[in-house]
Amino acid sequence: MLQYTLQRFGQMLLVLLVVSVIVFGIMNLTGDPVLLLVPPEATDEEINLAREQLGLNLPLWEQYGIFLNNAVHGNLGVSFVFRRPAVDLILERMPATLEMTVFAMLLAGVVAIPLGVFAGAYPNTLASRGIMSLSLLGISLPSFWLGIMLILLFAVETTLLPSSGRGEAETIFGLRISIFTWDGIQHIIMPALTLAVGQMAMLIRLTRAGIMEVMRQDYIKFAKAKGVSEQSVLFGHALKNALIPVITVFGLQFGQLIAFATITETIFSWPGMGKLLIDSIYRIDRPVIVAYLLMVAVLFVVINFLVDLIYTLIDPRIEMR
């Protein structure tokens with residue numbers, strides 16, 4: 001276990017190094033951020049002075065060397081726009097994105113897995129075909145269109161839910177969390193549902209395929225022959241062995257939603273990390289963009305590591321190598 005953890009840590013460092021080189025190089029091709037930061041009437045001397053103050057007058061390899069040295073000491077740079085550490089800006093927005101993503105994935109899992117089990121166990125029934133048709137519809141709907149339709153229906157026409165923003169938040173363990181207030185729940189329903197629908201559809205189809213495959217195995221037939229109840233066969237034997245691919249996709253999608261829920265956050269003006277990334281791209285705020293993508297890389301490595309741990313809990317025959 002210790003060897004496996006050290007191996008994954010080494011992989012994470014290598015991934016971060018490669019990501020930093022790629023992102024740092026590409027961001028220097030996106031334009032000169034100084035031209036967006038100085039007033040339109042600024043003289044050439046003022047522009048050159050601003051470029052010098054930000055360290056952008058140095059050769060690219062020297063800029064990267066300074067960045068790498070600072071990153072090793074926990075400093076991923078200072079935002080050109082906000083004049084604050086980029087990591088602090090991202091961490092401020094992280095609780096909002098995390099609570100929306102966790103809420104969406106829990107909603108998707110709670111709804112999709114039972115429906116997928118039913119659709120896989122009784123594939124020829126009318127209800128199963130209806131579930132699969134709805135899942136196909138859920139995969140086909142673009143999230144931006146779904147979000148706009150939800151706003152139109154529940155905020156504009158019926159005024160049941162607020163159209164944008166994050167609700168009232170409470171401080172819990174030093175973090176601002178909104179899902180424990182009624183106002184916060186009202187604000188999170190539509191963004192979370194927008195994220196959840198596509199994930200829900202995908203998990204239904206994966207669970208159904210896994211259950212249909214497992215139900216043909218001899219041990220399932222043996223359990224039925226012994227008189228084990230249908231519910232125990234499905235949720236105690238079949239589901240457990242069908243979950244490995246579902247958990248793999250669940251983990252990858254969870255990381256992807258946290259990192260790139262930018263469209264949903266923009267539609268609902270949700271003050272999360274995705275909206276910060278979009279605003280930073282518009283302003284060519286390189287330190288924030290680079291820090292964001294590096295933190296996303298760490299996030300994916302950690303989530304994949306946790307997924308590997310869950311494999312061993314579900315199926316003890318799987319070894320950590």
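What you see is a predicted model, and the numbers here were worked out from it, not measured in a lab.

### Re the UniProt feature "domain: ABC transmembrane type-1" (unreviewed entry) in the protein
Here is step 1: Here, the residues flagged by UniProt with the feature "domain: ABC transmembrane type-1" (unreviewed entry) are residues 94–311.
Here is step 2: The span residues 94–311 carries 79% helix and 3% strand; its end-to-end C-alpha distance comes to 27 Å.

### Re unusual backbone geometry
Here is step 1: The phi angle at Thr 159 is positive, at roughly 50°, despite the residue not being glycine.
Here is step 2: Tracing the backbone through its elements, the reader meets Thr 159 in the loop between helix H7 (143–157) and strand S1 (170–172).
Here is step 3: The class for Thr 159 is exposed, based on a relative accessible area of 60%.
Here is step 4: Positive phi outside glycine occurs at Ser 269, with the angle close to 50°.
Here is step 5: With respect to the secondary-structure elements, Ser 269 resides in the loop between helix H11 (262–267) and helix H12 (273–282).

### Thoughts on the domain arrangement of the protein
Here is step 1: Partitioning the protein into domains gives domain 1 (1–86) and domain 2 (87–314).
Here is step 2: Contact with domain 1, which involves 28 residues of that partner, is made by 25 residues of domain 2.
Here is step 3: Surface buried jointly by domain 1 and domain 2 totals about 2,600 Å² across both partners, of which 72% is contributed by carbon and sulfur atoms.
Here is step 4: Among the residues of domain 1 in contact with domain 2, Met 27, Leu 76 and Ala 86 are the three that bury the most area, contributing 22% of the side total.
Here is step 5: Counting the contacts that link domain 1 with domain 2 gives one salt bridge.
Here is step 6: One salt bridge in this structure joins Arg 84 and Glu 92, with 2.4 Å as the shortest N-O distance.
Here is step 7: With 10 residues, the top contributor of residues to the side of domain 1 that touches domain 2 is helix H1 (residues 2–27).

The rules behind the values
- Residues numbered from 1 in each chain as written.
- Predicted model: local features only at pLDDT ≥ 70, side-chain atom pairs only at ≥ 80, totals over all residues.
- Heavy atoms only, no water.
- UniProt positions renumbered as here; feature names shortened; annotations may be inferred.
- Helix = DSSP H or I, 4+ residues; strand = E, 2+ residues; numbered from the N terminus.
- Buried < 20%, exposed > 50% of the residue type's maximum accessible area, 1.4 Å probe, protein only.
- Domains from an automatic or database assignment.
- Contact = heavy atoms within 4.5 Å.
- Buried area = accessible area lost by both parts, 1.4 Å probe.
- Salt bridge = Lys/Arg side-chain N within 4 Å of Asp/Glu carboxyl O.

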